[in-house]
Structures are given as structure tokens and as C-alpha cells.
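Each chain is listed here by its residues.
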Amino acid sequence: MNEAKTGGSAPENALPRVEFSSFILSLYSSGLVQLGTVEDPSTGKKTKNLEIAKHTIDMIAMLQNKTSGNLTRDEENLLAALLSELRMAYVAAKA
């Protein structure tokens, strides 16, 4: 709809395309914030919430299970790698 108003080009502040990989990366980023690995963009501070982090990890694992056989090889690899990284970061944060 915006393309018609701007002569076919996307506005500067346009949101990225909705794709599975960008969705998973968004969940991954949230997990890193919840684990206290990176700063919360809204506060600029690092805080841990391991309960919420575990919930995010469980959601990503559920998505991996529910989408099995329906993703491209690249999407499957990305999902597995990000889930593995979050799980390892969770164990480290819990120690």
C-alpha cells in the first residue's frame, strides 16, 4: 500500500519483510536480552530474567518441532544454530 503512495519505492523507515528467518532472529535477540548478554534497547542496561529466557528458548524449540519438514535447509540450520547458542548461553547465565 505504501509503494503506491511513494511512487513504487519503499519509505526510508519501512519495516523489514516478514520472513521466518527475521522472526527467529527477533526471538533470538529477545533471548539474548533476557539472558543479560546484551543491553535492553529500551533501557540501555543488561538485566537477567532467566525464567522469561527459558520461556523464549522453549518457544523457539516448539517452533523447531512444529515446522519440521516445512523449512528450507538454510532456515533449519539457522533455527538449530540460534537455539543451540541460546541454550548454551542459558546454562552459562544460570551458573
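Quick caveat, the model's predicted, so the values are computed rather than measured.

Overview of the confidence of the model for the chain
As a general rule, the predicted coordinates of low-pLDDT regions are not to be interpreted in detail. Looking at the chain, the pLDDT average stands at 90 and 89% of residues meet or exceed 70. Throughout residues 1–6 the model reports pLDDT below 50, and contacts reaching past four residues in sequence, or to other chains, amount to three contacts.

Structural notes on the nonpolar core
In this structure, Ile-24, Leu-35, Ile-60, Leu-79 and Leu-86 are the most contacted members of the largest nonpolar core, which totals 17 residues. Secondary-structure elements contributing two or more residues to this core are α2 (20–34), α3 (50–66) and α4 (73–94). What Ile-24 contacts, discounting residues up to four positions off in sequence, is Leu-63, Leu-79 and Leu-82.

Side note on the side chain of Thr-67
Along the chain, Thr-67 falls in the loop between α3 and α4. If we skip the residues at most four places from it in the chain, Thr-67 touches Phe-20 and Leu-79.

What counts, and where the lines are drawn
- Residues numbered from 1 in each chain as written.
- Predicted model: local features only at pLDDT ≥ 70, side-chain atom pairs only at ≥ 80, totals over all residues.
- Heavy atoms only, no water.
- pLDDT = per-residue confidence, 0-100.
- Contact = heavy atoms within 4.5 Å.
- Core = buried A, V, L, I, M, F, W, Y, C linked by side-chain atoms within 4.5 Å.
- Buried < 20%, exposed > 50% of the residue type's maximum accessible area, 1.4 Å probe, protein only.
- Helix = DSSP H or I, 4+ residues; strand = E, 2+ residues; numbered from the N terminus.

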